[in-house]
Amino acid sequence: MARRSIVFGLLAFVIVAAMAPALPTWLVSLATVALANALVVLGLIILWRAGLVPFGQALFYAIGAYAVALITRYTGMRDALILIAAGAVLSCLAAILAGFLLARYREIFFSMLSLAMSMILYGVLVKTETLGSTDGFGVEPPTYFGYAPQGHMRLLALFWLALAFCAASALLISLYFRSVAGSLAVPIRDSEIRLEFLGVSVNRLIHLNLVVAGTLAGIGGALVALSIEHVDPNMSYWTTSGGFVFVTILAGAGSVAAAFVGSFAFEFLKSIAYDILPGTWQIFLGTALLITILFLPEGIGSLYGRLRRRKPQSMGAS
Amino acid sequence: MSAILVVHDLEKTFGSLVAARAINIAVPPLQTVGIIGANGAGKTTFVNMITGHLRPSRGTIVFEDRDITGRPSREITRLGIARSFQLPQIFSSLTVLENMCAATAIAHAAGGLLRQALTPLHSPGTMAESEAALELFRITSYRHARAAALPQGVRKLLDIAMAVAGAPRVLLLDEPTSGISIEEKFGLMEVVMSALKNRRITVLFVEHDMDIVERYADRVLAFYDGAVIADGPPIETLENPRIQELISGPKLKAAAQRHA
Amino acid sequence: MLTAFAIVTDGLVYAAYLFLVAVGLTLIFGVMRILNVAHGSFYAFGAYGAAIAVGVYFDRGWPAAGGFLLMVLVAMAIGLVLGLVLERGLLRLVYGKDEIVVVLVTYAAFLILEDVIRLIWGPNSYALYQPLGAAGTVDVGALVLSGYDIGLVALAGLLAIGASFALKHTRWGRLLTVVIFDRELAAAFGINVTLVYTITFVIGAMLGALGGAVMAPKIAVTLGIGVEVIVLAFAVVAIGGMGSVGGAFIGALLVGESRAAAVHLLPQVELFVIYAVMALVLVFRPQGLFTRAQPRKI
């Protein structure tokens, strides 16, 4: 049963990839950003299952983005795969370091410390000339193994690359949720004591989850940097983190697929809102968030109620 | 080995408060020890020191000829000492079977975190073992019930079942029958003690119900003001007038015979 | 020497600003355990309200003292309305739910209110300069201090003293303190916790709006001021301890002076230093400097 959903998922990715050349430009761009953000949301889902909601995931997102931008600008390296890998590695390192501290906190303190860290980066970025300060700076379009695509092909190439990263992440995280370490997220939320007294180091487990989430966010940031061809300090601001949390709530934490469905739904909602209600798109989104939070199926609390599985035996996400 | 657990000159002070003083006990394998004492007498401190939750101020704890003094709880659990809790620590969002599977999988998942990240949770072996554990503790009929919705007795049993998933040799039960109605107490203890005997586990249990202690303990440790003031067979210890004065109160023979 | 003095005074003024903004937030968190993101909206509404109403007042040439009074009244009116609407209309629907859920609800409210501001007042910037002129300047040695700034510091100080006094010595204050300490216990004693919640939230809203109203002359009142302010307020509240008025005061001083020192000595770290202090406090004392750590109840 689990294998079937993985196959379906991969099939979905392949189908979307095949359809891409037929899609209009604006849709491909939007989809690329949606895919990138979905990775960040996937990381948030991993942490949310354990009962943790970081208010500063933008930290790793911005690190991934700025890594790409800085490497492009100062070394002339333009290969997309290498750039994104660099973003991933740097955000991974940041998450490992930050995790030593962050993994020891819970609940609102975890959220606040995470927020503080992202705002520290923001403060540094805004005030540093060489990093572009408030305006940020532009990012050159990337090359792919030496090939420099033009026009519509340029968008498609990045889109396919984003799709590949997403497919790989979706697969790996699905497997992770089925592993021993990955399925202990809900138990962490329910009884850390029991886990500790079964021999599990909860702090180390949370640290691992933070590193995974941070790396995913870094890849997302790197992809966005290449897609919009610009980075600025706002990528580390609290409103960016807030946006990711927003999407995560919309998406729900029930499955890996939720991250992608939620992210796409959000990008579409946002586009529609911009078009139809330009002066009031935040009212629209805010209301959507409220409706989502208020009218969830019953559960222990709305957040955690959403995590309740429909079938009793599926402890991992599908 | 002669004694599976040896505690030597164990002490714990919090500032000027002496929570435990000069405790010396040797527990032979497979013995069932009942720990009694008023609240604040040092029973929980004692249990917490053995399970690694508290570091002793002085003294040593030796388990299976290995010094475990001051080691963290995780390590002590992995070495073979487990515990259950007065308020059962179970995973409320999951079903009883999922709870048991988690405990079993963790018990089998040796190695570091990264290894655990790569090991699948559900293997046929884990399932079979979990079902067997539920069977042993007589809670099989609850297997698909969500843990949050269980009656208190079943929660206690699940807590204990999970604690022994890792095949510990010593188990500390913290007030196993607290919160259970009088009619159900003995039934619960019967299931628990026969399951633990089946698994060949040395048991130390903290209890306030003297009838339970008398019925199930091979040996009674009485705590008072941080020290062990009596250590002997249950009937003798509970008949001791000093113990009756300080801890248990006078014995009501009628009550004991009703449940024997 | 001059720099040191400038740092101290600038720090005090900034601290006053931070305290005014944060005190309502910390009160609401202390009593209701709600980290109210919409507090930024109270600030913004207060600023806009003051900018318009007080601007009109001064334009009419009426006496300055009345203008300052109007600022306070406008803030209180705005706080009352917004506070009631938000608390009775929205928050009571999510009481008892997980803390993080409630934060997200207030975040949603904040988003909605940001657009409401735009709908009411448009994207333009408003300036309220008259009160600054009316307050004049004070010469202290070689420095010229703005009378308005001195007034701000005085207001913050009075508010801090007043709030601490009220919490300790008035009936309502003591009720609030009990609820902050243990809500269940308070309810068990027959305290009408629901009423306490509503009143606290409204007071917090008024204080937030007051913060915006008195800051209006010093800033460009435009879209987005709530966004900046709320994260600063969070930092101060986290440092001082959530629920502690004294903590908010000390936290504001700490952040205010640190920032002033940064501005004068090492400008690159001006923004960074605020959140670095927040992170440091969270690391060593997650419950804040002045709150008791909550033991976990098993």
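Residues numbered from 1 in each chain as written. Chains lettered and ligands numbered in written order. Predicted model: local features only at pLDDT ≥ 70, side-chain atom pairs only at ≥ 80, totals over all residues.

A. Local environment of the overall build of chain B. Looking only at helices and strands, chain B has eleven helices and ten strands in total. By the compact-globule yardstick of 18 Å for 260 residues, chain B fits well, its C-alpha radius of gyration being 19 Å. If one aligns the C-alpha atoms of chain B with their principal axes, the spans along those axes are about 55 × 45 × 35 Å. Sorting the 260 residues of chain B into buried and exposed places 47% on the buried side. (Helix = DSSP H or I, 4+ residues; strand = E, 2+ residues; numbered from the N terminus. Rg over C-alpha atoms; globule rule 2.2 N^0.38 Å. Buried ≥ 20, exposed ≤ 12 C-beta atoms within 10 Å, placed from the backbone.)

B. Main features of the overall build of chain C. In terms of helices and strands, chain C carries twelve helices and two strands. If you list the helices and strands of chain C from N to C, you get α-α-α-α-α-β-β-α-α-α-α-α-α-α. Taken against the 2.2 N^0.38 rule, which gives 19 Å for 298 residues, the C-alpha radius of gyration of chain C at 19 Å falls within 12% of a compact globule. Overall, chain C is about 60 × 45 × 35 Å in size when its C-alpha atoms are taken along their principal axes. Relative to its full complement of 298 residues, chain C shows a buried share of 52%. Put simply, 76% of the contacts in chain C that link residues at least 6 apart link residues at least 24 apart. (Contact = placed C-beta atoms within 7 Å.)

C. Inspection of the interface of chain B and chain A at higher detail. Every contact between the two is made by 29 residues of chain B and, on the other side, 28 residues of chain A. Looking at the side of chain B that touches chain A, the elements with two or more residues in it are α2 (73-79), β6 (81-83), α3 (96-108) and α4 (113-118) of chain B. Looking at which element gives the most residues to the side of chain B that touches chain A, the answer is α3(B), with five residues. When its residues are assigned to classes, the side of chain B that touches chain A shows 15 nonpolar, ten polar and four charged. (Nonpolar A, V, L, I, M, F, W, Y, C, P; charged D, E, K, R; others polar.)

D. Focus on the environment of B:G80. Residue and element names in this part refer to chain B. Checked against the element boundaries, G80 lands in the loop between α2 and β6. Sequence separation between G80 and V47 is 33 residues, and the spatial gap between their C-alpha atoms is 15 Å. Those residues in contact with G80, other than ones at most four positions away along the chain, are E64, P168, R169 and V170.

E. Representation of the interface of chain C and chain A. Opposite the 33 residues of chain C that make contact, chain A presents 40 residues. Of all the elements in the fold, those that place two or more residues in the side of chain C that touches chain A are α4 (99-121), α10 (225-240) and α12 (270-284) of chain C. It is α4(C) that contributes the most residues to the side of chain C that touches chain A, 14 residues altogether. Taken together, the residues of the side of chain C that touches chain A sort by class into 25 nonpolar, one polar and seven charged.

F. Just the sheet that holds strand β7 (residues 170-174) of chain B, in detail. Residues and elements named next belong to chain B. The strand order across the open sheet formed by six strands is β6-β7-β8-β3-β9-β10, and the pairing between neighbours is mixed. What marks the edges here is a single partner per strand, and that holds for β6 and β10 (227-232). Going from strand to strand, the sheet's axes swing by 20° on average, the running direction of each strand aside. Helix α10 (residues 241-248) contacts β3 (32-37), β9 (219-224) and β10 of the sheet and is inclined by roughly 60° relative to β9. (Pairing = 2+ DSSP bridges. Axes fitted to C-alpha atoms, helices over the stretch in contact; angles between N-to-C directions.)

G. Region of interest: the sheet that holds strand β4 (residues 58-63) of chain B. Residue and element names in this part refer to chain B. With antiparallel pairing, four strands are arranged side by side in an open sheet as β2-β1-β4-β5. The outermost strands of the open sheet, each flanked by one partner alone, are β2 (17-27) and β5 (66-67). Sheet analysis places strand β1 (residues 5-14) next to β4, joined by five bridges and oriented antiparallel. Of the residues in β4, the one forming a bridge with E11 is R58. Taken strand by strand, helix α1 (residues 43-50) contacts β1, β2 and β4, and its axis lies near 65° from that of β2.

H. Quick look at the environment of A:A94. Residues and elements named next belong to chain A. Locating A94 in the fold gives a position in helix α4 (residues 80-102). Considered as a pair, A94 and M112 are 18 residues apart in the sequence and their alpha carbons are 17 Å apart. For A94, the residues in contact, after removing those within four places along its chain, are F60, I63 and G214.

I. Quick look at the pairing of β7(B). All names here are of chain B. Of all five residues making up β7, five are buried, and the element is well covered by its neighbours. Side-chain alternation along β7 places V170, L172 and D174 on one buried face and L171 and L173 on a second face that is also buried. Each parallel crossover has a hand, and for β7 linked through helix α7 (residues 182-198) to strand β8 (residues 202-206) it is right-handed. (Right-handed = clockwise from strand over helix to strand, strands pointing away.)

J. Examining the domain arrangement of chain B more closely. Residues and elements named next belong to chain B. In terms of domains, chain B is made up of domain 1 (1-80 + 170-179 + 204-260) and domain 2 (87-166). When each unit is reduced to the centre of its C-alpha atoms, the spacing between domain 1 and domain 2 is 27 Å. Each partner contributes to the interface: domain 1 provides five residues, whereas domain 2 provides six residues. For the side of domain 1 that touches domain 2, the per-class residue count stands at three nonpolar, two polar and no charged. (Domains from an automatic or database assignment.)

K. Local environment of the packing of helix α10 (residues 238-251) of chain A against helix α11 (residues 256-276) of chain A. Residues and elements named next belong to chain A. Viewed as axis vectors pointing N to C, α10 and α11 meet at an angle of 115°, and their least axial separation amounts to 8 Å. You can see that α10 and α11 cross each other, and the crossing is right-handed. Taking contact as the criterion, the partners of V247, L250 and A251 in α10 are, on α11, A258, A259, V261, G262, S263, A265 and F266. Residues of the contact of α10 with α11, tallied by class, amount to eight nonpolar, two polar and no charged. (Left-handed = near helix turned anticlockwise from the far one by under 90°.)

L. Looking closely at the pairing of β3(B). Residue and element names in this part refer to chain B. Along β3, six of the six residues are buried, which leaves the element largely enclosed by surrounding structure. Residues of β3 alternate between two faces, with T32, G34 and I36 on one and V33, I35 and G37 on the opposite face, all of them buried. In this sheet, β8 lies alongside β3 in parallel orientation, the contact comprising four bridges. In the sheet register, V33 faces β8, and the bridge partner there is L204. Note: β3 against β9, five bridges, orientation parallel. Bridging from a neighbouring strand, I35 pairs with L221 of β9.

M. A look at unusual backbone geometry. Residues and elements named next belong to chain B. Non-glycine residue A167 carries a positive phi angle of around 50°. Relative to the helices and strands, A167 is located in the loop between α6 (152-163) and β7. Residue A167 is classed as exposed on the basis of its C-beta count, with 11 C-beta atoms lying within 10 Å. Backbone geometry at R200 places phi at a positive 55°, although glycine is not the residue there. In this structure, R200 sits in the loop between α7 and β8.

N. Spotlight on the packing of helix α3 (residues 64-89) of chain C against helix α9 (residues 193-215) of chain C. Residues and elements named next belong to chain C. Where α3 contacts α9, the axes come no closer than 7 Å and their chain directions differ by 140°. In terms of orientation, α3 lies oblique with respect to α9. In this structure, α3 crosses over α9, and the sense of that crossing is right-handed. Here the residues of the contact of α3 with α9 are counted per class, giving 18 nonpolar, four polar and two charged. (Parallel < 35°, antiparallel > 145°, perpendicular 65-115°, else oblique.)

O. Local environment of helix α9 (residues 202-228) of chain A. Residues and elements named next belong to chain A. Here α9 spans 38 Å end to end across 27 residues, near enough to the 39 Å set by a 1.5 Å rise per residue. Counted residue by residue, α9 has 24 buried out of 27 residues, so it is predominantly covered. Positive backbone phi, approximately 55°, marks E229, located one or two places after α9. (Expected span 1.5 Å × (residues − 1).)

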